[in-house]
Amino acid sequence: MTFDLSDELLGDIIFSMEDQGGSWYVDSADGQIASEDMMREVVLEEGNERKEDFYPLPLWTSDDGYGLMEEFTKDLHAPDARKDLRQAISGGRGVFRNFKNVLKTYPEVERKWHLFKDEKMKEKVRIWYNDLRESWNLERLEEAEFSEPDTDEIVQNDFVFSEYDSSRDRNDIERGFNQMTEEFVKELAVQYDDDLGNALSSLFKRNVRASENCEKSGFVCRTLSDDFAGCLLTDFCPSQTKKTAEILYFFVNRDSRGLGIGKSLLLKSMAFLKEQGVSRIVIATTSVSETMKPLLDENGFEKIGPGYVADLSSF
């Protein structure tokens with residue numbers, strides 16, 4: 001007997017898979033989850049033929065769970081959280097408990113973990129269900145290519161975006177930018193020899209100093225408890241044209257990276273500038289880190305001369 005994989009049943013299957021203390025099945029007669037004891041009781045009451053209606057759930061072991069934690073940690077773009085999670089799963093005992101305890105200290109990363117884990121387990125269940133459909137001589141359901149879980153919900157629910165206010169935001173941005181500058185300089189030192197790394201660092205710092213007196217505008221991101229999380233600030237370049245804007249400050253604090261804040265800041269700024277009649281947005285090559293390049297590429301920026309340029313007319 002076949003059964004449909006409803007959203008409700010999918011959730012029940014995932015919940016039961018994580019209970020490794022017993023064996024669980026889908027009873028295709030009613031589309032409900034049943035334990036091994038429940039299956040035996042039904043078979044005893046209704047006959048041995050009913051046993052064929054029970055399908056064992058996909059196997060989910062502690063090794064699967066550990067592998068998922070490793071994968072999540074490896075691809076996490078929040079450096080401090082990634083470092084602490086790596087340490088948590090490197091120990092021989094209590095790695096699952098340690099992993100959960102670390103996540104509790106990074107609420108936004110914890111929410112991203114649950115989204116990641118849920119999507120990965122859903123993928124495993126869908127593959128299992130399609131294998132069952134083949135055994136029933138039914139066509140496999142279309143399987144969308146697996147992608148990273150959407151973190152837009154986290155960004156919208158846990159962070160607030162507001163227009164830049166110098167009196168409120170200036171000090172937080174300065175502290176955050178100094179931290180980011182140190183990281184960027186270290187990144188250059190690793191990528192290039194001492195002379196070239198120092199030269200590029202000097203160009204980066206010189207570009208920043210040149211923008212200190214600009215009339216900056218843009219967006220700032222804060223947590224619901226009003227902690228600074230990141231910003232994107234621009235100014236017209238050159239100031240008299242009002243048609244091209246330059247990104248002066250664009251960074252996200254270490255603890256808030258990997259959640260989509262940078263993407264949200266960029267999209268909000270591009271939309272706002274387009275509404276103001278700006279036709280292009282540029283950022284100097286010396287201000288672009290390796291981790292920023294994919295984001296710029298995904299949102300229409302092209303490398304032109306000494307900078308990256310996006311045409312807002314097609315945005």
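For the structure itself, look to the data block above.
These remarks concern the structure in this document. Keep in mind that this is a model prediction, so the values were computed, not measured. (Residues numbered from 1 in each chain as written. Predicted model: local features only at pLDDT ≥ 70, side-chain atom pairs only at ≥ 80, totals over all residues. Heavy atoms only, no water.)

1. Concerning the sheet that holds strand β3 (residues 54–56)
On the basis of which strands lie adjacent, the open sheet formed by three strands has the order β2-β1-β3 and antiparallel pairing. A strand with exactly one partner marks an edge of an open sheet, and here the two such strands are β2 (32–35) and β3. Along the sheet, successive strands turn relative to each other by an average axial angle of 40°, direction set aside. With four bridges connecting them, strand β1 (residues 24–27) and β2 associate as antiparallel partners. When the sheet's bridge partners are listed, Asp27 is paired in β2 with Gln32. Packed on one face of the sheet, helix α1 (residues 7–17) meets β1 and β2 and runs near 25° to β2. (Pairing = 2+ DSSP bridges. Helix = DSSP H or I, 4+ residues; strand = E, 2+ residues; numbered from the N terminus. Axes fitted to C-alpha atoms, helices over the stretch in contact; angles between N-to-C directions. Contact = heavy atoms within 4.5 Å.)

2. What about α1?
Those residues of α1 lying buried are Leu9, Leu10, Ile13, Ile14, Ser16 and Met17. The arc that holds every buried residue of α1, seen down its axis, measures 165°, which confines them to one face. Exposed residues lying more than 90 degrees from the buried face of α1 are Asp7, Glu8 and Phe15. Buried residues in α1 make contact with β1, β2 and α6 (107–135). (Buried < 20%, exposed > 50% of the residue type's maximum accessible area, 1.4 Å probe, protein only. Arc of directions from axis to C-beta.)

3. Here's the deal with the state of the cysteines
The tally for this structure, following the rule as stated, stands at zero disulfides. With no disulfide of its own, Cys221 lies 9.9 Å from the sulfur of Cys231, the closest cysteine sulfur. Judged by relative accessible area, which is 0%, Cys221 ranks as buried. (Disulfide = S-S within 2.5 Å.)

4. A few points about the sheet that holds strand β7 (residues 244–252)
In spatial order, the strands read β4-β5-β6-β7-β8-β10-β9; together these seven strands make up an open sheet with mixed pairing. In this open sheet, the two strands that pair with only one neighbour each are β4 (159–163) and β9 (301–304). Going across the sheet, the axis of each strand differs from the next one's by a mean of 25°, ignoring polarity. Where helix α10 (residues 261–275) meets the sheet, it contacts β4, β5 (217–223), β6 (228–236), β7, β8 (280–284), β9 and β10 (307–311), and its direction lies at approximately 160° from that of β7.

5. Points about the packing of aromatic side chains
By the definition in use, this model includes 14 aromatic pairs. Between the aromatic rings of Tyr129 and Trp136, the centroid separation amounts to 6.1 Å while the plane-to-plane angle is 80°, which identifies the pairing as edge-to-face. Look at Tyr129 and you get buried, because its relative accessible area is 3%. In this structure Trp136 comes out as buried when scored by relative accessible area, which is 15%. Members of the aromatic cluster, each reached through a chain of ring pairs, are Phe3, Tyr55, Trp128, Tyr129 and Trp136. Just above the ring of Phe161 sits the side chain of Lys268; from NZ or CZ to the centre is 5.1 Å. (Phe/Tyr/Trp six-rings, centres within 6.5 Å; stacked < 30°, edge-to-face > 60°. Lys NZ or Arg CZ within 6 Å of the ring centre and 35° of its normal.)

6. Considering the pairing of β1
Looking along a regular strand, one sees the side chains alternate between the two faces of the sheet. The loop that links β1 with its antiparallel partner β2 comprises four residues; one of these, Gly31, has a positive phi angle of about 65°. Bridging between β1 and β3 involves three bridges; their strand directions are antiparallel. Opposite Tyr25, over in β3, you have Pro56 as the bridge partner.

7. A few points about the nonpolar core
For soluble globular proteins, the rule of thumb is that nonpolar side chains tend to be buried together. Core analysis: the largest hydrophobic core is formed by 33 residues, its most contacted members being Phe3, Ile13 and Trp128. Mapped by element, the contributors of at least two residues to this core are α1, α3 (62–74), α4 (79–90), α5 (95–104) and α6. When residues in this core are grouped by element, the largest group, eight residues, is from α6. What Ile13 contacts, discounting residues up to four positions off in sequence, is Leu5, Val26, Ile33, Leu57, Pro58, Val125 and Trp128. Val155, Met270, Ala310 and Leu312 belong to the second-largest nonpolar core, a separate cluster that totals 28 residues. (Core = buried A, V, L, I, M, F, W, Y, C linked by side-chain atoms within 4.5 Å.)

8. Concerning α10
Between its terminal C-alpha atoms α10 stretches 21 Å, which fits the 21 Å expected from 15 residues at 1.5 Å a residue. By the burial criterion, the buried members of α10 are Ile261, Gly262, Ser264, Leu265, Leu266, Ser269, Met270 and Leu273. Gly277 sits one or two residues past α10 and shows a positive phi near 90°. (Expected span 1.5 Å × (residues − 1).)

9. Notes on the pairing of β9
In this structure, β9 lies alongside β10, joined through four bridges in antiparallel fashion. Along β10, the bridge assignment pairs Lys303 with Tyr308. Linkage of β9 to β10, two consecutive antiparallel strands, is achieved through a turn of two residues, within which Gly305 is found at a positive phi near 55°.

10. Quick word on the environment of Phe54
Locating Phe54 in the fold gives a position in strand β3. In this structure, the C-alpha to C-alpha distance between Phe54 and Val125, residues 71 residues apart in sequence, is 16 Å. Excluding residues that lie within four positions of it along the chain, Phe54 makes contacts with Tyr25, Val26, Asp27, Ala34, Met39 and Val42.

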